[in-house]
Every structure is written in C-alpha cells, then in structure tokens.
Amino acid sequence: MEVFQSHRKSSSNNVIVSILPFYRSAPPLEVRLEDFEFFAMDRLRVLKGISDGLCRGKKPEEMEKLVVDLWKANMRHPQAVEEVNKDIISHFVLRLVYCRTEELRKWFLSMETTLFRHRFRLESSEAQRALMSEFKLPYKAVSNAEFESVKDKLGQVARSMGQNLAAADAIFYKVPFEEVPDLVSGRRVFIHKGHAYVAMNQVVSLVVTQFRSYISKALILTNRKWTSTIREQEKDRLTPIVEALCTSYLGPDYSQPQEFGEISIKDIDQVAKTSFPLCMRHLFEKVKEDHHLKHGGRMQLGLFLKGVGLKLDDALAFWKAEFAPKVSAERFDKEYAYNIRHNYGREGKRTDYTPYSCQKIISVTPGIGDHHGCPYRHFSEENLRAALVRMGLSSRAVEDVMDKVHNRHYQLACTLTFEAVHGSSCDAGINHPNQYFIDSQRVLQSKNGSVA
Amino acid sequence: MTKEQADNGRDDMVIDGPGQANAVPDEFNANYLRIYYGKLFPHADMFKWMSYGNDGKHPGCDKSYFGRREFSFTLENDIYIRFQSFNSVTELENSIKEKCPFKIDIGPVYSVDPAKRHAYAQSGDNVFTPVERELVFDIDISDYDDVRYCCTGADVCLECWPLMTIAIKVIDTSLRDDFGFNHILWVYSGRRGVHCWVCDGKARRLTNEQRAAIADYFYVYKGNENSHKKISLPGLVLYPFLARSYTEVLKGFFEAKLLPNQNLLASEERYEKILEMIPDASVASELRRRWQENKRASMSKDDINIVRWEQLKSILQSGKQKMQGLRRCVEEIVFSYTYPRLDMEVSKHMNHLLKAPFCVHPKTGRVCVPIDPNNCDEFDPTTVPTLSQLLEELNRGGPRQDAENEWDRTSLGESVTIFRTSFLQPLLKSCKEEIENSYNAKLQQSKNALSW
C-alpha cells in the first residue's frame, strides 16, 4: 500500500503514519464486504457535506472548518493506521461508484479536490514539503542569495495583495509559470523570465493541481476497467453495492422517534401548521379537505407521522376520523387499517418501514389525483408561489426559493423556506422531512421554552 | 485619388501628366491582389516561419509539421474555406496564387493533417486536435473610442495611434521580462490595430488554460458602458508589472501626450468623465467648482489640461487623504485611459484563427506589415504601403531580369527586412538549436536504454 509515511521524530521509535494519502494505487488489503459499503458511505457523507457547503456559497475559511468537522464526524478512528486505511479504501470504492459517467466524475473530482485542498492546507509546513517531493514536484527552494535579489519584488507582490512578507514566507519555490496558472492569472506571484516565485502558502495551488490532474486521469482508467471487466465480474457482490451508493440517502432514518417522544392526535393540527415541511403540509391539508388520500400520499404522510411520534392507535384514529365523511368505519377497518398496521410493522413480514427521505420523495412521479412527491419539484410555479405565501414567506424570500427551484435545487429551496419561516439558519440543509420537523421543534422550543 | 473616390468603384486610370503613366488607382481588387501574390507576397519567408526549422535538413526534423498547420482563405465573394493545409512551400504558393484569397488566416498545428481530419475521432485516444499554436494577442483601437475624441470606429490618425504604441510597449516588455518569451512578432492589422504573435516553442505548446492565465494577467481594464470605474487597483502598492508599466510608459504618455492632445480636462463634458472616477464626492465637487470658475483659459501659457491635472493630482495625493479608495485614484485614471485593452477571447483558445502578416486589408488597401517593437514610436499607420502604391512602384522600376526579391525595389522591402532580421532569423536559429538538442537527448535516452 502506497501510503506516504512521514517520519516524524518522536520519543518512541515508532514511525508515525500521518497524513494525506495520494491514492496512487489500490491497497492490497482485505476488506470486509460491510466495510466496503460503510466506509464508502462515511466518506460520501463528507463529500456530500462539502458539496452542500459549496452550493451554499460558503467562504474558504468556513469550508475549512466544515471539512474538519465532517472528517472528524465520519472518518476518524482512534488508531491512525485504521484511519488511513479507511481513508484509502473509501476513496477507491467511491472511485468505482463515481467513474461511471462524465457528470459523476466531474462531481467526484471536484469534491475530492476540495477535500484534499483543505486537508493539505491544514498540514504542517514540513509535512507539506514532504508531500510535495512525494508528488515529484521537482521545484527547488530559492537559495538565500537569489531570495535577497528578488526580496523587494516579492514584498511588492505581497503588499499589492494587501499582505506582508512575513519571515515565515522566506521559503519560496521557483517554478515555471506554466505550472501555476491560477496564481499568474490573479497576479499573486512574482514572475521573472518565465519563472514564478511561489510562496510556501501558495504551494497548495501547485500540489492541488497535480492531485486534480492525477485523479482525473485515474477516473477515466477506472471507468474503463469497470465497464470492461469489474462490473460483470462483480455482478453478484460489489456491483449492486456500487450502483446503489451514489443515490443513497445517508442521514438518520427517523424510524425511532426519540427526541420529542410522542405526539398525540390532538397536537397534530397545531404542529402541522408550525413544523411540517411543505410536502407534508400539503398532504395534510388535502386529507382534511378531501377526506381521502391515494396510496402514495397515505404512505408518505403516514410514515412521516410515524417518524414524528404518532403511535399506532393514534394513527388509526387519525385516519379513520379524517376519512369518516367518505368511508364508513367498517370499510375503513377492512380496507385501510391493515396497511397502517403494516407500516408500523405489526403485519406481514413485520418490517418497520422507515419514513421517506427527501431524495426518495423527490424521485417519485405523482399522477392524477396524487398529492405526494416534492412540491418544489412537482408543483407548477404558480401553485408553489401561492403555497409559499400561505406559509408566510415574504416576496423576497419567495424569489430566493424560486431561484433555487429553477436551478433544480429542491432541497435547498426547502431549506430556504425553513429559514424564512423560522427566522433562523439551517446549516445542515434539509435532507429528510422528519429532520425538518425536529429542527423546527427545536427552534420553537428554544424560543418558547415549550413544545409549540 | 482618395479612398472615398476609390470606393465609388471607378475603374479608369487617371492620367494627370507624364509622371503618372505608372499611376495605379487606389483600389483593392482581385487583379491587383494577383500581382501582389505573384511578385510581392513573401511566400518563402512565411513557409520558413511556419516550419519552425523543420525543413528536413536535420534528422531530428518533423517532416509532417508544416503539413499539419491549418490555413483558411476568405475568397472574393466572402467565400470562406477552412482547414487548408500544404506539404511544401510550392503547394502553399501555388494555392495562394491560384485562389487569390482576400484574406489568409493562420490556425493551429493539429495532431494530424487537417485534410485528413474526418478519419479521426472527436474524443478518446486517436483525435484530431490542436497541438501547437502561437500565443496571440489582438488590440483594436476601436475599443478605445471612449477615450479618443479625434476619431471613432475604424478611423485612425497620428493623435490616437500612440495608444497602440504604448500598448505594444507594455505588453512586449512584459512578455519578455516577466514571461521570458523572446520570439515576438508585432504586426499592423491593416486598419485600426495590431496583432502579436509569440512564437517561442514554450508559447506554442501552451494549453488553453495557460493562455487564459496569461490573458488574465494582462487583464486590468474591465470596461463596459455600465461601469463608471473600469479600473480598480486595490492593494497598498501596485503589482510590479503594473508599477513598471505605469512609471515607464503610461504616466509619461498620459501626461505629455494624451491629456493635452485629446483635451481631456478642457471642457466640462470631458472632465466630468474623469471626475466620475473619483470615489470621494467632496473631492470631485471641489475640483468641479474650481474648474467651473476658471472656464476662460487663464493668461498662463501652460496647457489648461496640464494645469488642471496638476491640481487634481495635488488634491488626491496630498497626505490629508485618508479614504481608502483614493489611494490609487490617480493611477486608476491614467490606467483607464491608457492601459492596453486586449481582446481576451483571441488569446485564450488554441483554435482561434488570426490573419496572416503581409495580407492586404480589403478596406484600406494597406499591407499588414511587421512593427519593430524597439522602434514602435516611429511607426506611422498612415504611411504604410498600400496595394496600389506597391504596384505603382513595381511599374516604375521597369522589367527586371530576376523575379526574385521584387519586394526589394518597393516600400515593402523595408518590412520584409524587418521581418527577417528582427524576427525570423533569430527564431529559426533558436528552433534549430531546439531540434538538435531534443534529438541528441532522445539519442542519449535510447543509448542508455540499450546499454545493459
């Protein structure tokens, strides 16, 4: 396994394996099938978190913190060796997942490069220098004599960017200007006779460019191998996992409502107004209006309510009461009760069904007479605007939400709605209707000191 | 005959007197062009240039190189033919003489002969794609219409042409000192601008990304009708290239030439444009007040523009000015009037076609002659030889025995000499060295591989 090992002087004789692997070659390790999937999912959480952060326009300092938090939350392991293994394995599994189309490759390359950039920046400068030589970047540090001769100009460049030439930056690398197009284009390096004088802290740019180019080529090769041999070879083992991974929902499944315990039937009307996301509000309003919902709607709303904390008996009472004008009690027990009990795992194979995630809800196609699905995706512009206004959004907020909708960022649209309704920010973004509910209750509770 | 008369399409010869027997009406047409291509256009020099030393004399030569270059012709009735390629100087010359193009463009060198392009894929391994192309720049004086009052659009005179001269100085110096390029050809575009061809091997092999980086490095003037302030120079000091350009070229030219010649501060309409660029309204009002009071030119013999400019500078640069945006205001004004305005798109892509030197401009009849950057102050666009003038000169000379070097007895001779001595010969010498070195290196490599 080509893990780069940095020899740090330590009191013991052990070599401390630190840092950043370059993912040069797939590790000849044995990996358990579960780890294959779970490691990849953990890394995918990190990459999706990064994607979300970028989408929301976070500044570099915020992104750096986000990367640290995401990595800590998903990829840490008490033993450094295990952490590095997971790092490498998860990267290579995701390569398989994301090599398969141009769009997937682009996304993966972009996220991995961002991840690498921030992790590299956080390394110590000796580690960075060691990594540079590992990358075979044959750039010599500028000698003291040469440094003296260009010091003025280097200082001038720094001050033109509003910085100062700190003593620490006395280490400069001389590279052909072609290697650092970003720095040249922004006039952030001194160039002379075709050579750019790159400060240590700018070295990141050099290394990241190399990393990006390497991964880009590797993805193409991986795709070839995948289509020519691996996919077929692994069709009973790895292929199904790989194919499911890129669309998987990665958050909690909300099948066990914990935080707010139970919601009873008398609370529903109230919380529907304050804490339901638009998709569930709509279904809820429709069931009250029409005294009926078709199957898709019953599943989506029903499972959501289960996740919210509605107990089975209360659920049965709720649906029965709502359907009463159209469906007699006997008919209800015959035709609908079974399904509700089924959802709660009390019938048939007793699977405790989990409430649908946003991903799942967005992907359905509601038909005539259906009211499920994601309103940000499935409503006409007119209807969506009206619904947002009814939720209490200002016209400015409505425009912001519609902007996300036009760009097909439905979950971001819902997040903005949440933020507008609650007057507080939702950094993590909405990925699950039950998450919306829980976050909403949290905000309201902290405001009122009680369940709203 | 003036240009306007020629544009009326008169065909007859005007015989004014004995000396006019050789007179050629000032026109542009296929017959004149035919003679031009037959006797004056320097086919052999163009071929030598485009071959970059690959003339077959050295074993390291790439014999396919010239044949992989794209040329495009615009024929008489605006018929445009692309992907023309030639395998020898004779083929090139014969095709030009036969087709008599009104314009010849030079494109990139492709991976294979453009004539065979359809046999190759669009992507993947075996592609038809540009592999080499000079780094080129295009500067057009009509982009400066907002700062010159003597001419507009396609017109050029000796008052405003110096804007091109200083653009050449700024860019040429930077290409050599900052980027380390040596083989740079500047060409008059025939009417209202200049083209720049950077021909070093390193330049020809630049990727699109690297070209964009260089173009961005030069990009300072960000103007359009909507912005008042088209130049923004933040930072405590100017970046070295900008500082050098300012002190060595732009400041002097602005203060001594442009300001007085274009009367930039003499009238309200014109000085308002400058006052608009001052971010501090109170400073602008102060100056406005002073100048309005002083409308009648004082008895002072100093040019009013210069007097007012000194007033402006002394207020803006006085130690009392604390406001951030004022720090660089004087430089910003100078830059906005004088800094080169490049056409970015021309430089960024390898496949951009650019007009060949020594073409004749159809609207002016002038030849696209080289400009020696070391002598660019002397260049006068109004005295560039025209097609009819050259033919007249040929007539005057009478019949000659040798058909070679006919250009020598015309005004074109000087241009061809400049082309050869200041550009082509040094370039070819350097190319030969490069071919030899690369060949020897390859020999050494294969020797090393075999010697075990």
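Presented here is a report on the structure given in the accompanying data block.

Cut-offs and rules
Residues numbered from 1 in each chain as written. Chains lettered and ligands numbered in written order. Predicted model: local features only at pLDDT ≥ 70, side-chain atom pairs only at ≥ 80, totals over all residues. Heavy atoms only, no water. Pairing = 2+ DSSP bridges. Helix = DSSP H or I, 4+ residues; strand = E, 2+ residues; numbered from the N terminus. Axes fitted to C-alpha atoms, helices over the stretch in contact; angles between N-to-C directions. Contact = heavy atoms within 4.5 Å. Buried area = accessible area lost by both parts, 1.4 Å probe. Salt bridge = Lys/Arg side-chain N within 4 Å of Asp/Glu carboxyl O. 1 Å grid on protein atoms, 1.4 Å probe; cavity = no way out; pocket = protein on both sides within 12 Å on 5 of 7 lines; lining within 4 Å. Points joined across faces, edges and corners; volume = space filled by probe spheres on them. Nonpolar A, V, L, I, M, F, W, Y, C, P; charged D, E, K, R; others polar.

Examining the sheet that holds strand E2 (residues 190-192) of chain A
All names here are of chain A.
Now for step 1: Ordered in space as E1-E3-E2, the three strands form an open sheet in which the pairing is antiparallel. Each end of this open sheet is capped by a strand with a single partner; those strands are strand E1 (172-176) and E2. Mean inter-strand twist for the sheet, computed between neighbouring axes without regard to direction, equals 30°.
Now for step 2: For E2 and strand E3 (residues 195-199), the ladder comprises three bridges, and the chain directions are antiparallel. Pairing of Phe190 across the sheet is with Tyr197, part of E3.
Now for step 3: Across the face of the sheet, helix H6 (residues 144-160) comes into contact with E1, E2 and E3 while running at roughly 130° to E2.

Remarks on the interface of chain B and chain A
Now for step 1: Contacts between the two partners involve 28 residues from chain B, matched on the other side by 20 residues from chain A.
Now for step 2: With both chains or domains summed, chain B and chain A bury close to 1900 Å², and 60% of this area falls on carbon and sulfur atoms.
Now for step 3: Together, Val237, Tyr239 and Pro240 of chain B form the three largest contributors to the area buried by chain B at its contact with chain A, with a combined 28%.
Now for step 4: Our enumeration of links across chain B and chain A arrives at two salt bridges.
Now for step 5: Linking Glu178 of chain A and Lys202 of chain B is a salt bridge whose minimum nitrogen-to-oxygen distance equals 3.8 Å.

Some thoughts on the sheet that holds strand E7 (residues 193-198) of chain B
All names here are of chain B.
Now for step 1: The strand order E5-E7-E6-E9 describes an open sheet built from four strands, whose pairing is antiparallel. Strand pairing shows two members of the sheet lacking a second neighbour, strand E5 (135-140) and strand E9 (370-371), which therefore form its edges.
Now for step 2: Lying on the sheet, helix H5 (residues 162-177) is in contact with E5, strand E6 (184-188), E7 and E9; it crosses E6 at an angle near 165°.

Overview of empty space enclosed by the protein
All names here are of chain A.
Now for step 1: Scanning the entire structure with this criterion turns up eight cavities of 30 Å³ or more.
Now for step 2: Its volume calculated, the largest cavity comes out at about 130 Å³.
Now for step 3: Elements with a contribution of two residues or more to the lining of the largest cavity: helix H12 (295-308), helix H13 (312-323) and helix H15 (337-343).
Now for step 4: For the lining of the largest cavity, the element with the most residues is H12, which contributes five residues.
Now for step 5: Grouping the constituent residues of the lining of the largest cavity by class yields nine nonpolar, four polar and one charged.
Now for step 6: The space that makes up the second largest cavity amounts to roughly 110 Å³.
Now for step 7: Contributing elements (two or more residues each) for the lining of the second largest cavity: helix H11 (278-290), helix H16 (358-363), helix H17 (375-378) and helix H20 (410-422).
Now for step 8: Each residue belonging to the lining of the second largest cavity can be placed in one class, and the counts come to 13 nonpolar, one polar and no charged.

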